[in-house]
Amino acid sequence: MQQTKFLSRIQALHKQKIRIGDFMNKIGDIIKFIGKTLAYVILCLLFLITAFLIYYMSSSAIAAKKGEKPNIGLYTIVSPSMEPFIKVYDVIIDRKLKSTEELKVGDVITFYSSSLDTDGYTITHRIYDIKVSDGKTYYITKGDNNQSVDIGSITRENIVGKMIYKINGLGKIQFFLSSKLGWILIILIPALCFILYDLNKLNKIFKIKKKIDKIPEYQNMSAKEEIEHNKKVRALLEKSKWMK
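A quick note: this is a predicted structure, and the numbers were derived from the prediction, not measured.

Basis of the calculations
Residues numbered from 1 in each chain as written. Predicted model: local features only at pLDDT ≥ 70, side-chain atom pairs only at ≥ 80, totals over all residues. Heavy atoms only, no water. Buried < 20%, exposed > 50% of the residue type's maximum accessible area, 1.4 Å probe, protein only. Helix = DSSP H or I, 4+ residues; strand = E, 2+ residues; numbered from the N terminus. Pairing = 2+ DSSP bridges. Axes fitted to C-alpha atoms, helices over the stretch in contact; angles between N-to-C directions. Salt bridge = Lys/Arg side-chain N within 4 Å of Asp/Glu carboxyl O.

Some thoughts on the pairing of strand β2 (residues 91–95)
The element β2 is largely enclosed, with a buried count of 4 among its 5 residues. Relative to β2, strand β1 (residues 72–76) is paired through 5 bridges, and the arrangement is antiparallel. Considered in β2, the bridge of T76 is made with V91. Of the strand pairs in this sheet, β2 and strand β6 (residues 159–167) are connected by 5 bridges, and their pairing is antiparallel. Each bridged residue has a counterpart across the sheet, and for V91 the counterpart in β6 is I167.

Structure, rendered in structure tokens:
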């Protein structure tokens, strides 16, 4: 009687172990699915960003060669003159003007000043007033955080583009990536991890292949040996699935 109870417990534990194993396999499949999905999403985002940057750089290069302004411009703000609307390290996206009719008081524009010494850098301020003199349009600008309007006025020729969108704090990532530490952490280390992961996966595949090669062929096998042979092959194939 005691032996029967003992065997029943062993069988129950065995079934529980199988259930736990099945549950862990399901959890593993879910984790693997989530990991693959995240990897694909990140790859898609990187592809879109790369495509946009290629378009931006190529269009900027073509525009510079023709002596024109680029269709799209990206500018990192390094001055607090437009706070709180645009903060330091925000990145703004500008679009090239098609006509002066697009501009109105309150628009934020990026321009080169002919009155201020900016060392060749652009300024991004808001249009405070628009005046017309002798048939020519002049724009008075002012930073939201400045007490007075900018010195002098600008014309259409000075304007690089009109702001259409801003990305908060993106400039911090830009400055970090341009540093040696940022380059190491963001570019080199992930690349090295991918290389090591692939090398480890290849090493495991070679080990499994060697184990399969060591399994004897079907020739002169008994039915029992053939069953054992199939079990070993299936086990190795199942193991290889986890390395996809």
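From this point, the discussion proceeds with the structure in view.
Points about the sheet that holds strand β5 (residues 136–142)
Strand order across the open sheet formed by 6 strands is β1-β2-β6-β3-β4-β5, with antiparallel pairing between neighbours. Unpaired on one side and paired on the other, β1 and β5 mark the two borders of the sheet. The sheet shows a mean angle of 50° between the axes of neighbouring strands, direction not considered. Bridging between strand β4 (residues 123–133) and β5 involves 7 bridges; their strand directions are antiparallel. Across the sheet, residue D129 finds its bridge partner in β5, namely I140.

Here we look at the pattern of salt bridges
Considering all chains together, one arrives at 4 salt bridges under this definition. Here K104 ties to D107 by a salt bridge, and the two come within 3.2 Å at their closest N and O atoms. Between D144 and R126 there is a salt bridge; the shortest N-O distance is 2.8 Å. Within this pair, whereas D144 is found in the loop between β5 and β6, its partner R126 is found in strand β4, the two being separated by 18 residues in sequence. Among the residues examined, D144 registers a relative accessible area of 31% and is labelled partly exposed.

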